[in-house]
Amino acid sequence: MAKQQMTGVQKAILAVVLVPVFMSLLSISSINVILPSVQESLDASNTAIQWVLSGYTLAFGVLLVAGGRAGDTFGRGKLFVAGLVLFGLGSLLAGFALNGPMLVAARLLTGFGSGLLNPQTVGFIQQFFDGPLRARAFASFGSVVGVSVAIGPVLGGGLIALAGPDWGWRWTFLVNVPIAVLAIIVAYRTFPKAAWVRHVPEGASAEPGKPDLDPVGTVAFTLGTLLVMWTFLEIDAGGIYWAMLPVGIAILFWWVWWERRYKRRGGAPMVDMALFRNRPYRNGSLLISLFFTGSTSVWVTVAIFLQTGHGISALTAALVGVPSAIATTISSQIAGRYVLAAGRAMVAWGMSVTLLALSSSMLVIIGVQLWDWSIWWLIATLSLLGVAQGFIVSPNQTLSLIEVPAHVSGVAGAVMQTGQRVGTSVGTAIITSTLFGVAAAYSWNWAFISAFGIIMLLVGIAMTVAIIDIRGTRGTQTAVPQGREAQ
């Protein structure tokens, strides 16, 4: 059977939506390397520097679901362009920031832009791709995620090396501006009409009147997510920040009650709780949130360990992740071809290889500690980790959304991404605290081993969810989408 090919419109859509996503994720991974230069150049306070780091993550995370819902309601093209405008403007202001507060404000604006544009990517893929082409599109999305995590520190370190400490960090922001402008122009020229209007399922009719955005549910979810994430981003501060956690959790429980009540009364809830009765979506969302809680701390741990623990330069430490990024790119594309046939077993297999890569990395550091092994053996074990991640992130996204209708896929994808962002905040806080605590009490080598041990535990729990999901599908066959809904 001939291989299904993407049309020119599909290729254009994929290219336009993935490049800004790459840049928005790059803004997360590159920031750690440039912070020392930022603080010295602007004479910024420690508090301002902390908010440069956490403000973007907070703004990004709390706006995802609201952005996804708005895209489903008003048209994904409109919200995508709005996100690009905010992202580009925030990057421009960050690049020319005169002081710490101005940079913090710019980072918040950039984060809001990322929160608007990222959910539209998932929505576009669900709307304009189906079957094997959808799997391949999500494979490209997975490659973007993997590469952005590893390349970000290299870009930041490289620009500082080329342009110097005063302008190098500025260019890590300014490089986003022409990309955002170009993406807006290409979007207006290439997106089909269906991208700019509300997506209506085949056989349904668009409801006239004012759109129902469920403002109470939107505010409650945003506030609850903000408090939970903020707690873990400020983990070292303690005190009042820990008091925010139970309040945030309570608000989220109330939000679930409100959404159900709102639907019973005839409203259109921000997130229809019926979505979580969809087994592939429910299990896939849970396991990827658990996976991100552990796996996203790998590169933070490696960077801190190599730079602080072994005195290796930031650029050299960042280059350690490049082979892993290349491996993720290749394995994501391979996984995209076979995920529909393999199902969730592919994700479970990828997680088992992840555990092998993590345990091998721990063995390398034990060898460094006890037998004077070369620390650069980490490049091989972390490359294996890159291979594994290509068989987890994009395949899981494909399988989780396979039965989700395209007209609600923006908010469905946003809920998944929010779980990943919350998981990242929680995991980073716990694992980096463990890293510094063990380093102070024992050594950096044992600190690395302890941090990777926690990551292994979290990945193991995520793999358990995948195995439960596989057992739940025995005797059934996952339905492969046969066609797109009306566009």
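Residues numbered from 1 in each chain as written. Predicted model: local features only at pLDDT ≥ 70, side-chain atom pairs only at ≥ 80, totals over all residues. Heavy atoms only, no water.

- Per an unreviewed UniProt entry, the chain goes by the name MFS transporter and belongs to Enteractinococcus helveticum.
- Comment text from UniProt for the chain, heading Subcellular location (unreviewed entry), reads "Cell membrane". (UniProt positions renumbered as here; feature names shortened; annotations may be inferred.)

## Looking at the pattern of salt bridges
Turning to step 1, where the next piece is worked out: Overall, the coordinates contain four salt bridges when judged by the stated rule.
Turning to step 2, where the next piece is worked out: Across the pair Arg279 and Asp469 runs a salt bridge, and its minimum N-O distance is 2.5 Å. Taken as a pair, Arg279 in helix H10 (residues 279-295) and Asp469 in helix H18 (residues 444-472) lie far apart in primary sequence, 190 residues in all.
Turning to step 3, where the next piece is worked out: Take Arg279: its relative accessible area is 24%, and that puts it in the partly exposed class.
Turning to step 4, where the next piece is worked out: The exposure class assigned to Asp469 is buried, which follows from its relative accessible area of 2%.
Turning to step 5, where the next piece is worked out: For the salt bridge of Asp469 with Arg344, the shortest nitrogen-to-oxygen distance reads 3.0 Å. Pair noted here: Asp469 is in helix H18 and Arg344 is in helix H14 (residues 344-371), with a separation of 125 residues, a long-range link.
Turning to step 6, where the next piece is worked out: Overlapping salt bridges bring together Arg279, Arg344 and Asp469 as one network. (Salt bridge = Lys/Arg side-chain N within 4 Å of Asp/Glu carboxyl O. Helix = DSSP H or I, 4+ residues; strand = E, 2+ residues; numbered from the N terminus. Buried < 20%, exposed > 50% of the residue type's maximum accessible area, 1.4 Å probe, protein only.)

## Structural notes on unusual backbone geometry
Turning to step 1, where the next piece is worked out: Even without glycine at this site, Asp43 takes up a positive phi of about 55°.
Turning to step 2, where the next piece is worked out: Structurally, Asp43 is set in the loop between helix H2 (31-42) and helix H3 (46-74).

## Structural notes on the side chain of Thr354
Turning to step 1, where the next piece is worked out: Note on placement: Thr354 falls in helix H14.
Turning to step 2, where the next piece is worked out: Not counting residues within four places of it along the chain, the set of residues in contact with Thr354 comprises Phe291, Leu385, Ala388, Ile392 and Val459. (Contact = heavy atoms within 4.5 Å.)

## Points about the packing of aromatic side chains
Turning to step 1, where the next piece is worked out: What the rule picks out here adds up to 22 aromatic pairs.
Turning to step 2, where the next piece is worked out: With a centroid separation of 5.4 Å and an interplanar angle of 80°, the aromatic rings of Trp51 and Trp230 are classed as edge-to-face. Of the two residues, Trp51 is situated in helix H3 and Trp230 in helix H8 (residues 215-233); the sequence distance between them amounts to 179 residues.
Turning to step 3, where the next piece is worked out: For Trp230, a relative accessible area of 23% corresponds to the partly exposed category.
Turning to step 4, where the next piece is worked out: Here Tyr56 and Phe60 contribute two aromatic rings whose centre-to-centre distance is 5.9 Å and whose plane-to-plane angle is 65°, an arrangement assigned as edge-to-face. (Phe/Tyr/Trp six-rings, centres within 6.5 Å; stacked < 30°, edge-to-face > 60°.)

## A short note on the packing of H3 against helix H17 (residues 409-441)
Turning to step 1, where the next piece is worked out: Two numbers describe how H3 lies on H17: the axes approach to 7 Å, and their chain directions differ by 170°. In terms of orientation, H3 lies roughly antiparallel with respect to H17. Here Thr57, Phe60, Gly61, Leu64, Val65, Gly68, Arg69 and Asp72 of H3 lie close against H17, whose contacting residues are Ser409, Gly410, Val411, Ala414, Val415, Gln417, Thr418, Arg421 and Ser425.
Turning to step 2, where the next piece is worked out: Its residues placed into classes, the contact of H3 with H17 shows six nonpolar, eight polar and three charged. (Axes fitted to C-alpha atoms, helices over the stretch in contact; angles between N-to-C directions. Parallel < 35°, antiparallel > 145°, perpendicular 65-115°, else oblique. Nonpolar A, V, L, I, M, F, W, Y, C, P; charged D, E, K, R; others polar.)

## What about a nonpolar patch on the surface?
Turning to step 1, where the next piece is worked out: A cluster of nonpolar side chains, Leu363, Leu370, Trp371, Trp373, Trp377, Tyr442 and Trp446, forms an exposed patch at the surface whose accessible area comes to about 870 Å².
Turning to step 2, where the next piece is worked out: By residue number, the principal contributor to the nonpolar patch is H14, which donates three residues.
Turning to step 3, where the next piece is worked out: Structurally, the position occupied by Trp377 is in the loop between H14 and helix H15 (378-390). (Patch = residues over 30% accessible without salt bridge, like charges linked within 9 Å, V, L, I, M, F, W, Y side chains within 5 Å. Areas by Shrake-Rupley, 256 points an atom, 1.4 Å probe, with all protein chains shown as cover.)

## A few points about the environment of Ile454
Turning to step 1, where the next piece is worked out: Turning to its location among the elements, Ile454 is positioned in helix H18.
Turning to step 2, where the next piece is worked out: Along the sequence, Ile454 and Val52 sit 402 residues apart, while their C-alpha atoms lie 27 Å from each other.
Turning to step 3, where the next piece is worked out: If we ignore the near neighbours within four places in the chain, the residues touching Ile454 are Ile431 and Thr434.

## A closer look at the confidence of the model for the chain
Turning to step 1, where the next piece is worked out: Per-residue pLDDT for the chain has a mean of 88; in total, 93% of the residues score no lower than 70.
Turning to step 2, where the next piece is worked out: Across the chain, element-level confidence peaks in H14 with a mean pLDDT of 96 and bottoms out in helix H12 (residues 314-319) with 81.
Turning to step 3, where the next piece is worked out: For the stretch residues 477-487, pLDDT sits under 50, and the model shows 30 contacts to residues farther than four places along the chain or on other chains. (pLDDT = per-residue confidence, 0-100.)

## Remarks on H14
Turning to step 1, where the next piece is worked out: Given a rise of 1.5 Å per residue, 28 residues ought to cover 40 Å, and the 40 Å separating the end C-alpha atoms of H14 matches this to within 8%.
Turning to step 2, where the next piece is worked out: Phi for Asp372, located one or two positions after H14, is positive at around 60°. (Expected span 1.5 Å × (residues − 1).)

## Digging into the nonpolar core
Turning to step 1, where the next piece is worked out: Counting 114 residues, the largest nonpolar core has Phe191, Val271, Val298, Met351, Ile365, Leu382 and Phe452 as the members making the most contacts within it.
Turning to step 2, where the next piece is worked out: By residue number, the principal contributor to this core is H18, which donates 13 residues.
Turning to step 3, where the next piece is worked out: Each residue touching Phe191, except ones within four places of it in the same chain, is listed here: Ile13, Val16, Val17, Gly77, Phe80, Phe124, Val186 and Trp196.
Turning to step 4, where the next piece is worked out: Of all hydrophobic cores here, the second largest spans 17 residues; its members include Ile34, Leu42, Ala44 and Ile49. (Core = buried A, V, L, I, M, F, W, Y, C linked by side-chain atoms within 4.5 Å.)

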